[in-house]
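The chain contents come next:
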Amino acid sequence: FLPQADTLAYGRILKELQAEGVPNYLIPHKVKFIGNCPTLSMLLPTLKPYTVGQLLALYEHWVGVGIYLGNQLL
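The shown structure was predicted, so the numbers you read here are calculated from the model rather than taken from an experiment. (Residues numbered from 1 in each chain as written. Predicted model: local features only at pLDDT ≥ 70, side-chain atom pairs only at ≥ 80, totals over all residues. Heavy atoms only, no water.)

Draft legend 1. Representation of the confidence of the model for the protein in the model. In this model, the protein carries a mean pLDDT of 83, and residues with pLDDT of at least 70 account for 93%. Mean pLDDT across the elements of the protein bottoms out in helix α1 (residues 2-10) (79) and peaks in helix α4 (residues 49-68) (89). (pLDDT = per-residue confidence, 0-100. Helix = DSSP H or I, 4+ residues; strand = E, 2+ residues; numbered from the N terminus.)

See below:
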């Protein structure tokens, strides 16, 4: 879960993948992440009505800020 967020934030380079021992046939699929892609990751202890409401409020805020900034976040 967390390595995906790191990859989207920082990207992957060829030397890094080769040092990790990634097979050659997978490298073209993993190098295409250039980084600097904003993401939002949340770990919820349980899915209750309260946490669903928090997620909805967060999404509404995200959309509202995106509209205010000219759809830069969407």
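Having put the structure on the table, let's press on.
Draft legend 2. Examining the side chain of Thr 51 more closely. Positionally, Thr 51 belongs in helix α4. Of the polar contacts made by the side chain of Thr 51, one reaches the backbone oxygen of Lys 48; its length is 2.8 Å. (Polar contact = N/O pair within 3.5 Å; in protein donor to acceptor, adjacent residues only side chain to side chain.)

Draft legend 3. Quick look at the environment of Gly 35. You can see Gly 35 is positioned in the loop between α3 (27-30) and α4. The spatial distance from the C-alpha of Gly 35 to the C-alpha of Gln 18 is 18 Å, given a sequence separation of 17 residues. Not counting residues up to four positions away in its chain, the partners in contact with Gly 35 are Thr 7, Leu 8, Ala 9, Tyr 10 and Gly 11. (Contact = heavy atoms within 4.5 Å.)

Draft legend 4. Main features of the side chain of Arg 12. Here Arg 12 is to be found in the loop between α1 and α2 (14-19). At a separation of 3.0 Å, a polar atom in the side chain of Arg 12 contacts the side chain of Glu 16. Polar side-chain contacts of Arg 12 include one of 2.6 Å to the side chain of Glu 20.

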